[in-house]
Structures are given as C-alpha cells and as structure tokens.
Amino acid sequence: MSLINYSSREINCKVVYYGCGLCGKTTNIKYIYGKVAPEAKGKLISLATELDRTLFFDFMPLDLGSIKGFKTRFHLYTVPGQVFYNASRKLILKGVDGVVFVADSQVERLEANVESLANLQENLAEHGFNIETIPFVIQYNKRDLPNIASVEELRAQLNKWNVPEFEAVASSGIGVFETLKAVAKMVLKNLG
Amino acid sequence: MPENVNVFEDDFWAINEKLNQLLKSTNALSVLLIDKAGQLITTAGDISQLDTTSFASLSAADFAATSQLAMLVGEKEFATLFHQGEKQNIYVASIEARVMLAVIFDQRTTLGLVRVRVKQTVAELEKLFQNIFAKLEGAPSGQPAESAFGTDFASEAESELDNLFK
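Residues numbered from 1 in each chain as written. Chains lettered and ligands numbered in written order. Predicted model: local features only at pLDDT ≥ 70, side-chain atom pairs only at ≥ 80, totals over all residues. Heavy atoms only, no water.

Q: Sorry, what's going on with the overall build of chain B here?
A: On a plain count of helices and strands, chain B comes out with 5 helices and 6 strands. Mapped in sequence order, the helices and strands of chain B form the string β-α-β-β-α-β-β-β-α-α-α. Relative to its 166 residues, chain B shows a buried fraction of 46%. Of all intrachain contacts in chain B linking residues separated by at least 6 positions in sequence, the fraction that spans at least 24 positions is 53%. (Helix = DSSP H or I, 4+ residues; strand = E, 2+ residues; numbered from the N terminus. Buried < 20%, exposed > 50% of the residue type's maximum accessible area, 1.4 Å probe, protein only. Contact = heavy atoms within 4.5 Å.)

Next comes the structure, spelled out in structure tokens:
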C-alpha cells in the first residue's frame, strides 16, 4: 500500500503494469520515461534478459510535485509477462496501489490475455487485494496492427467489471498517458 | 489494509534516533529503512552519492526473491542478507515482516559488528513498528490519512496530474 510519511510529508504510491508476454508493458513505461520532464523522474531500471524480455521488473519513479504540502511520487512497475515467471509477478504486486492491465489486441493473443487476467486476479487475491475494489484500468494496446479484435470483443472477454478502458498504440504513445492518468487519479482518490 | 505503512511524526523521530545510534555504533556509511513494497521510509548517514529510490526498490525485490528461495528449501524467510563488494558491503535485515533495514558499510567496520548491532536495533525497531501497526489498525475505518488531507486533496491531485501530462 501507499507509504505516507507525515513527518517528511511524502506520499509514495505503487502502480503495476500487468499483462501477457510482449503485450507492451515495458513499452508503456519507456514511452512515459522518454516524455516526462527530467526533474519529474528518477532512473529507469530494467531487469531484462539480453533479448530485452523483462526478467524481473522495470521500475521508474515519477514525481507528481507537491499536493497539499505532500511530495507525491508514483512508482511505476511492470511485471514479466511470460507465463513461467509467475513467482516474480507475485512479488511485484506486493503493496500495490493501482493496476494497469495491458491487453494485446491481436486476435491470436486473446487467450493469452484472458489467462494473464485470471493470473492477475489470483495473485492479487494472494496479497489480500480484490480486483473489484483496487484502482484498476485496462488498456487495449496495439490498435494499429491489422489482425486485431474489436474493442467490443475485448471488452466482453476482459472487462466484466466495467472499469475505465483505453485504446492505445504504446510504441507511438497513443493512449499511454490517458491510461496512466486514469489509474493515478483513482489511486489518489483512494488516499484522499 | 494489511500492508499499509503510515509514519507519524513522533514515531518518525524515534525511528530516526535508532538509526542514528546504529550508524554511530557500527561506523557504517549509511542506514536505510525500506518497506517491503520498495518504498523508502527514512535514512541516516551520508546518502548524497546514492540513488535511494532505486536502492529501495531493488533491495525490496532482492529481499522478496530471496524469501521465495528460502521457501523452496523449507525456510519461512532468510531474516538477513549480506552482499560483499570490493569496497562497500550491504547488510539487510527484516523487521516485522513489512519493513527492512539496510546498512551500507566499508572497511572502517566489520561484518561481525554490523551484524550484532543490527540485531539489537531490529529488536528495538520491532517494538516501535508493533506500536505503529497497532495504531493504524485501531484507526477509525483504517483511514488515518483522511483528516490530514482534507476534501480538496483529490481535486488538487487531479490538476497536478493534468500539468504533468500536458
């Protein structure tokens, strides 16, 4: 959960990007990192394999500035998407304040999305969180590709909670900030 | 929420005092207190050369991964971790399941001394954190933050978000 330090007047919140392998979680974070002003961000840490597949996590701190005298900072994490890294995924969800589920819109990845979402629910439950109550948004990524499922189809399969959803092309930044902004607002609303 | 760590003024100074005592008694370079979700709570000593945000995130991940290793061999967790470098070393100890203490030290002290002093400090900090957690659990509807933030917190937060992503 968020860390609120009343003495140094700081609030730290943790947002995790979740989703199946190669759905674009790291691409989201890298885009944000590239666009945010230098004074608002810390170092981007990627624990990845030589082929750029996330091995443990990517991490980026994002300073929001001062809100009512509290220095507010988001810690953005991605999980490794590949199925066999579940132990790592579970660890990263520890203390999470908000979740972005990145779905790969391609028709052939539909099953992988469904599986990953079920895995998210399961891992959240193990930490005592409920997907219905935690700040949670869904991003339908890769909308620029030719073989994609319709948003209605994706919604029917993935968004039964009717949470905020966004279409995105993370590689060119479309929908990336909208997604982050939505989850960040939900997290802060939960605090105040 | 079970993993919430909110630190209030009095507790904060009490914790800082313990960390400074530890720093002096071990002659270490710096001491960091980190929650297991990877967020820095407070530090003592010289951290001017250290990226503390990254340090906190990575050491929490390190600790979490090692705890899973512990379970694989039938242990609940490894209560301490030690990383040895050419010049600097890191010693990490778990406090009350939710928090950890990291000590960075060099050749001006020894692992043995750090280990002994950390053990004492962990015992003292455990008591402090038990009180903090008891306070949080006793707080009405688990929302001690409410009064401090006021009602317009959410709207001010929203406008900051808008500014950031302009």
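Q: What exactly am I supposed to notice about the overall build of chain A here?
A: The helix and strand inventory of chain A stands at 5 helices and 8 strands. Rg of the C-alpha trace for chain A: 16 Å, near the compact-globule value of 16 Å for 192 residues, within the 12% margin. Counting across all 192 residues of chain A, residues that qualify as buried make up 60%. When contacts within chain A are restricted to residue pairs at least 6 apart in sequence, long-range pairs at least 24 apart make up 69% of them. For chain A, the accessible area works out to roughly 7,600 Å², and carbon and sulfur atoms hold 51% of it. Considering chain A, the positive charge centre built from 22 side chains and the negative charge centre built from 20 side chains are found 8 Å apart. (Rg over C-alpha atoms; globule rule 2.2 N^0.38 Å. Areas by Shrake-Rupley, 256 points an atom, 1.4 Å probe, with all protein chains shown as cover. Lys, Arg positive; Asp, Glu negative; His and termini not counted. Charge placed at Lys NZ, Arg CZ, Asp CG, Glu CD.)

Q: Help me understand the interface of chain B and chain A in this model?
A: The parts lose accessible area when they come together, and the size of an interface is often stated as this lost area. Each partner contributes residues to the interface: chain B has 43 residues there, and chain A has 45 residues. Summed over both partners, the interface of chain B with chain A comes to about 4,100 Å²; 63% of that surface belongs to carbon and sulfur atoms. Note that Lys185 of chain A is salt-bridged to Glu158 of chain B, the shortest N-O span being 3.7 Å. At the boundary of chain B with chain A, the tally comes to 5 residue pairs in polar contact (both at pLDDT 80 or more). For the side of chain B that touches chain A, the element with the highest residue contribution is helix H5 (residues 153-164) of chain B, accounting for 9 residues. (Buried area = accessible area lost by both parts, 1.4 Å probe. Salt bridge = Lys/Arg side-chain N within 4 Å of Asp/Glu carboxyl O. Polar contact = N/O pair within 3.5 Å; in protein donor to acceptor, adjacent residues only side chain to side chain.)

Q: So what exactly am I meant to see when it comes to the pairing of strand E4 (residues 54-67) of chain A here?
A: Side chains on a regular strand alternate between the two faces of the sheet. All names here are of chain A. With 11 of 14 residues buried, E4 is to be regarded as a mostly interior element. For strand E3 (residues 45-48) and E4, the ladder comprises 3 bridges, and the chain directions are antiparallel. Within E4, the position partnered with Ala48 by the bridge is Thr54. In sequence, E3 turns back onto E4 through a hairpin of 5 residues, with Asp52 there showing a positive phi of about 70 degrees. As judged from the 9 bridges shared by E4 and strand E5 (residues 70-78), these two strands associate in the antiparallel manner. Of the residues in E5, the one forming a bridge with Gly65 is Thr72. Here E4 hands over to E5 after 2 residues, with Lys68 in that stretch at a positive phi of 50 degrees. (Pairing = 2+ DSSP bridges.)

Q: Can you walk me through unusual backbone geometry in this structure?
A: The bulk of non-glycine residues show a negative phi, and the bulk of peptide bonds are trans. Residues and elements named next belong to chain A. With a phi angle near 50 degrees, Lys68 is a residue other than glycine that sits in the positive phi range. Residue placement: Lys68 occurs in the loop between E4 and E5. Judged by relative accessible area, Lys68 falls into the partly exposed class, the value being 28%. For Lys142, which is not glycine, the phi dihedral falls at a positive 65 degrees. Of the residues examined, Lys142 reaches a relative accessible area of 18% and is grouped as buried.

Q: Just to check I follow, could you spell out a nonpolar patch on the surface for this structure?
A: Residues and elements named next belong to chain B. Together, Leu69, Leu72, Val73 and Phe78 make up an exposed nonpolar region whose accessible area comes to about 430 Å². Mapped onto the secondary structure, Val73 falls in the loop between helix H2 (52-72) and strand E4 (80-84). Owing to a relative accessible area of 62%, Val73 belongs among the exposed residues under this scheme. (Patch = residues over 30% accessible without salt bridge, like charges linked within 9 Å, V, L, I, M, F, W, Y side chains within 5 Å.)

Q: Honestly, the sheet that holds strand E3 (residues 40-45) of chain B in this entry has me stumped. Any pointers?
A: Residues and elements named next belong to chain B. Spatial strand order, E3-E2-E6-E5-E4: 5 strands in an open sheet with antiparallel pairing. Looking along the sheet, the strands with just one partner apiece sit at the ends: E3 and E4. Each neighbouring strand pair of the sheet contributes to a mean axis angle of 15 degrees, computed without reference to strand direction. Pairing of strand E2 (residues 30-35) with strand E6 (residues 99-105), which is carried by 6 bridges, proceeds in the antiparallel orientation. Bridged to Asp35 within E6 is Val99. Against the sheet, helix H1 (residues 9-26) contacts E2, E3 and E6, and its axis sits at roughly 40 degrees relative to E3. On the sheet, H2 packs against E2, E3, E4, strand E5 (89-95) and E6 and is oriented at approximately 65 degrees with respect to E2. (Axes fitted to C-alpha atoms, helices over the stretch in contact; angles between N-to-C directions.)

Q: Is there a simple way to think about the side chain of Arg73 of chain A in this case?
A: Tracing the sequence through the fold places Arg73 of chain A in strand E5. Reaching out from Arg73 of chain A, the side chain makes a polar contact with the side chain of Thr53 of chain B at a distance of 3.2 Å. Other than its neighbours up to four places away in sequence, Arg73 of chain A contacts Ile11, Asn12, Cys13, Pro61, Leu62, Asp63 and Leu64 of chain A together with Thr53 of chain B.

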